[in-house]
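Below, each chain spelled out in residue letters.
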Amino acid sequence: MPITTTASVNSQFLSPRSPLMGWLAVVSVMLGIFAIVTTEILPIGLLTSIGSSFTISDGMAGLMMTMPGFLAAIAAPLVTAATARFDRRVMLCVFMLLLALANFLAAAASNYWLVLTSRIMVGITIGGFWSIGAGLAERLVPPASVGRATAVIFSAVPLGSVLGVPTGTLIGDLAGWRTAFTVMGTLTVGVLVMLLLLVPPLPPVQATRLGVLSGMLRSVKTRFALLLTFLVVLAHFGTYTYVTPFLEQVTHASGGLITTFLLLYGAAGILGNFLGGAWVARYPRTVFGLAAGLIATVTLLLPALGCWEVGAVILLIVWGIAYGAVPVASQTWFSKAAPHAPEAATVLFTASFQATFSIGALVGGVILDRTSPSAVMLLGGCTAALMVLAVGARFAERFPGPDRKEQS
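The shown structure was predicted, so the numbers you read here are calculated from the model rather than taken from an experiment.

**Student:** Outline the overall build of the protein, listing residues and values.
**Tutor:** The helix and strand inventory of the protein stands at 20 helices and zero strands. Looking at the protein as a whole, 54% of its 408 residues qualify as buried. Of all intrachain contacts in the protein linking residues separated by at least 6 positions in sequence, the fraction that spans at least 24 positions is 86%. Entry remark: accessible area of the protein is about 16,400 Å², with carbon and sulfur atoms responsible for 72%.

Encoded structure:
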């Protein structure tokens with residue numbers, strides 16, 4: 001099967017479709033990622049009730065969170081390579097169907113191992129859907145709108161935290177955790193219908209084989225994108241995963257106040273996502289470096305200023321804005337490192353992001369058990385600072401001299 005060029009594919013699908021249809025397709029992909037993000041982190045608010053249902057410890061119940069990330073990191077290259085010559089629209093729909101089945105399986109599970117089986121299905125969906133969907137903006141809208149469309153797609157990440165998880169937790173409190181997964185499965189079916197109706201046929205631009213991925217890893221630019229993503233995601237998830245214990249033990253905030261703080265953080269994340277999307281195409285180094293710098297500043301200041309509720313909420317809002325720009329900035333760096341293989345770049349982005357997400361949560365938990373929430377924040381801040389130094393050193397090496405412009 002011949003593989004067409006990016007230019008011909010873009011021309012093929014943008015010409016006969018109105019801009020409105022292109023943006024509706026973008027929204028449907030965004031809602032797909034929203035369903036994935038919400039399903040992935042939904043157990044955070046339901047962990048205790050699920051554990052009680054199956055009489056397991058909180059630690060065992062925590063496998064629902066760590067498993068999908070590691071599986072997504074493995075699935076991203078393997079599944080994408082295995083389906084390289086299939087229409088990408090078809091694969092998006094297949095993964096959304098798998099996600100719906102995973103939610104319904106969790107809702108009907110008679111034992112905990114069936115719940116874990118459903119989480120395996122979630123991990124495969126994350127790796128496959130993200131690897132295809134996160135980089136589709138350039139095939140759905142005109143070139144001038146790609147930055148904004150990418151920001152819309154990635155807005156699903158903070159939206160899942162702000163709207164999806166609190167709503168799912170509320171449903172779980174009112175009607176039981178099984179109902180929450182049933183509602184999530186129903187929503188996913190609705191998104192599947194939207195993908196079928198609104199996304200145009202998307203034959204593969206370039207077959208993403210494992211050889212293509214290994215070749216990309218030999219590129220200095222790709223390895224640098226991996227390093228930056230590893231450092232900033234490790235810093236974020238190694239700290240934010242345990243922000244609730246920090247607010248409880250250091251800020252001494254009540255449960256209701258913590259919920260309010262986290263909602264404000266999520267709303268700030270949406271703002272940061274769109275600000276990052278608006279600027280990252282022209283200023284990738286500045287956006288990525290500034291986001292990491294703000295995360296470093298916030299986490300380093302939290303042990304001191306987070307003792308007060310006002311200080312904590314202000315820092316959380318800044319943190320939300322900063323992290324909101326990270327996914328779109330990381331995706332852009334990978335795309336610029338391998339412009340000839342956009343889907344392969346997205347695969348590496350997905351795999352590295354998901355693997356580091358799980359590693360950060362695990363490392364942060366180990367540190368928390370042995371030290372304190374404040375120590376977790378300080379170490380995370382130092383890690384984010386390393387990322388800022390790496391960006392600065394790389395830029396200075398490539399573009400010496402006091403009078404230099406931003407380079408992509």
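Text resumes after the structure shown.
**Student:** Explain helix α18 (residues 326–337) residue by residue, including any values.
**Tutor:** The end-to-end C-alpha distance of α18 is 16 Å, a good match for the 16 Å that twelve residues give at a rise of 1.5 Å each. Counting buried residues in α18 gives ten out of twelve residues, a clear majority hidden from the surface. Of all the positions in α18, only V326, P327, V328, A329, S330, Q331, T332, W333, F334 and A337 are classed as buried.

**Student:** Run through the packing of aromatic side chains, naming residues and quoting values.
**Tutor:** The full count for this structure, using the stated rule, is ten aromatic pairs. Considering the side-chain rings of Y265 and W319, the 6.3 Å spacing of their centres and the 85° angle between planes classify their relative orientation as edge-to-face. Linking Y265 in helix α15 (residues 255–279) with W319 in helix α17 (residues 309–324), this pair joins segments that are 54 residues apart in sequence. Residue Y265 shares its accessibility class with W319, and that shared class is buried. Cluster of aromatic residues (ring-pair linked, three or more members): F54, Y112, W113, W177 and F181.

**Student:** Give me the lowdown on the nonpolar core, citing residues and values where you can.
**Tutor:** Of all hydrophobic cores here, the largest spans 94 residues; its most connected members are V29, M96, F129, W130, L195 and W319. Ranked by residues supplied to this core, first place goes to helix α2 (residues 19–41) with ten residues. Excluding its chain neighbours within four sequence positions, the residues that come into contact with L195 are S28, V29, R89, L92, C93, M96 and F129. Membership of the second largest hydrophobic core comes to 15 residues, among which are Y112, W177, A180 and F181.

**Student:** Quick rundown of the side chain of S374? Include the residues and the values.
**Tutor:** In this fold, S374 is placed in helix α20 (residues 373–398). What makes S374 buried here is its relative accessible area of 18%. Dropping the residues within four chain positions of it, S374 is found in contact with F246, V250 and P303.

**Student:** I'd love a proper account of unusual backbone geometry, names of residues and values included.
**Tutor:** Excluding glycine, a negative phi dihedral is what most residues carry, and trans is how most peptide bonds are arranged. Phi is positive for H252, which is not a glycine, with a value near 60°. With respect to the helices, strands and loops of the structure, H252 is situated in the loop between α14 (243–251) and α15.

**Student:** Outline a nonpolar patch on the surface, listing residues and values.
**Tutor:** On the surface, F70, F230, I359, L362 and V363 cluster together to form a nonpolar patch covering roughly 380 Å² of accessible area. The element best represented in the nonpolar patch is helix α19 (residues 342–370), accounting for three residues. When you line up the elements, V363 lands in helix α19. Given a relative accessible area of 40%, V363 falls into the partly exposed group.

**Student:** Go over the packing of helix α6 (residues 88–108) against helix α7 (residues 112–133), please, and point to the residues and values.
**Tutor:** For the pair α6 and α7, interaxial distance at closest approach is 9 Å and the crossing angle is 160°. Relative to α7, the element α6 lies roughly antiparallel. Note on packing geometry: the crossing formed by α6 with α7 is left-handed. Of α7, the residues touching α6 (which contributes R88, M91, L92, F95, M96, L98, L99, L101, A102, L105 and A106) are L114, V115, T117, S118, M121, V122, I124, T125, G128, F129, I132 and G133. Of the residues that constitute the contact of α6 with α7, the class distribution is 17 nonpolar, five polar and one charged.

**Student:** Give a detailed account of the environment of G276, specifying residues and quantitative values.
**Tutor:** As for its placement among the helices and strands, G276 is situated in helix α15. Along the backbone, G276 and A322 are 46 residues apart, and their C-alpha atoms lie at a distance of 8.7 Å.

**Student:** Talk me through α7; I want residue IDs and the actual numbers.
**Tutor:** Along its 22 residues, α7 runs 31 Å from first to last C-alpha, staying within 8% of the 32 Å computed at 1.5 Å per residue. Judged by how many residues are buried, α7 sits mostly within the fold: 17 of 22 residues are covered. At the N-terminal end of α7, a side-chain oxygen is found 3.1 Å from the backbone nitrogen of W113, two or three residues along, and the residue is N111.

**Student:** Which residues make up the confidence of the model for the protein, and what values go with them?
**Tutor:** Residues of the protein with pLDDT of at least 70 account for 84%, and the chain-wide mean is 80. Counted against residues more than four places away or in other chains, residues 1–16, with its pLDDT under 50, gives 27 contacts.

**Student:** Before we move on, can you summarise the side chain of H236 with the specific residues and values?
**Tutor:** Inspection of the secondary structure puts H236 in helix α13 (residues 220–240). On the accessibility criterion, H236 (1% relative accessible area) is buried. Excluding residues that lie within four positions of it along the chain, H236 makes contacts with T241, Y265, W319 and Y323.

**Student:** If you had to explain the environment of S18 to someone new, which residues and values would you point to?
**Tutor:** Positionally, S18 belongs in the loop between α1 (6–14) and α2. On the basis of relative accessibility, which here comes to 34%, the residue S18 falls in the partly exposed class. Taking C-alpha positions, S18 is 9.3 Å from V141, a pair spaced 123 residues apart along the chain.

**Student:** Got a sec to walk through the environment of P200? Specific residues and values, please.
**Tutor:** By the secondary structure assignment, P200 is in the loop between α11 (177–198) and α12 (210–217). By relative accessible area, P200 is classed as buried at 6%. Note: C-alpha distance between P200 and V90 (110 residues apart in sequence) is 9.8 Å.

**Student:** How would you explain the packing of α2 against α11 if you had to name every residue and give the values?
**Tutor:** At a closest axis distance of 9 Å, the pairing of α2 and α11 adopts a crossing angle of 155°. Overall, the two elements α2 and α11 adopt an arrangement that is roughly antiparallel. Once α2 is placed against α11, the crossing between them reads as left-handed. Contacts between α2 and α11 pair M21, L24, A25, S28, V29, L31, G32, F34, A35, T38 and T39 from the former with M184, L187, T188, V191, M194, L195 and L198 from the latter. A breakdown of the residues in the contact of α2 with α11 according to their chemical character gives 13 nonpolar, five polar and no charged.

What counts and what doesn't
- Residues numbered from 1 in each chain as written.
- Predicted model: local features only at pLDDT ≥ 70, side-chain atom pairs only at ≥ 80, totals over all residues.
- Heavy atoms only, no water.
- Helix = DSSP H or I, 4+ residues; strand = E, 2+ residues; numbered from the N terminus.
- Buried < 20%, exposed > 50% of the residue type's maximum accessible area, 1.4 Å probe, protein only.
- Contact = heavy atoms within 4.5 Å.
- Areas by Shrake-Rupley, 256 points an atom, 1.4 Å probe, with all protein chains shown as cover.
- Expected span 1.5 Å × (residues − 1).
- Phe/Tyr/Trp six-rings, centres within 6.5 Å; stacked < 30°, edge-to-face > 60°.
- Core = buried A, V, L, I, M, F, W, Y, C linked by side-chain atoms within 4.5 Å.
- Patch = residues over 30% accessible without salt bridge, like charges linked within 9 Å, V, L, I, M, F, W, Y side chains within 5 Å.
- Salt bridge = Lys/Arg side-chain N within 4 Å of Asp/Glu carboxyl O.
- Axes fitted to C-alpha atoms, helices over the stretch in contact; angles between N-to-C directions.
- Parallel < 35°, antiparallel > 145°, perpendicular 65-115°, else oblique.
- Left-handed = near helix turned anticlockwise from the far one by under 90°.
- Nonpolar A, V, L, I, M, F, W, Y, C, P; charged D, E, K, R; others polar.
- Polar contact = N/O pair within 3.5 Å; in protein donor to acceptor, adjacent residues only side chain to side chain.
- pLDDT = per-residue confidence, 0-100.

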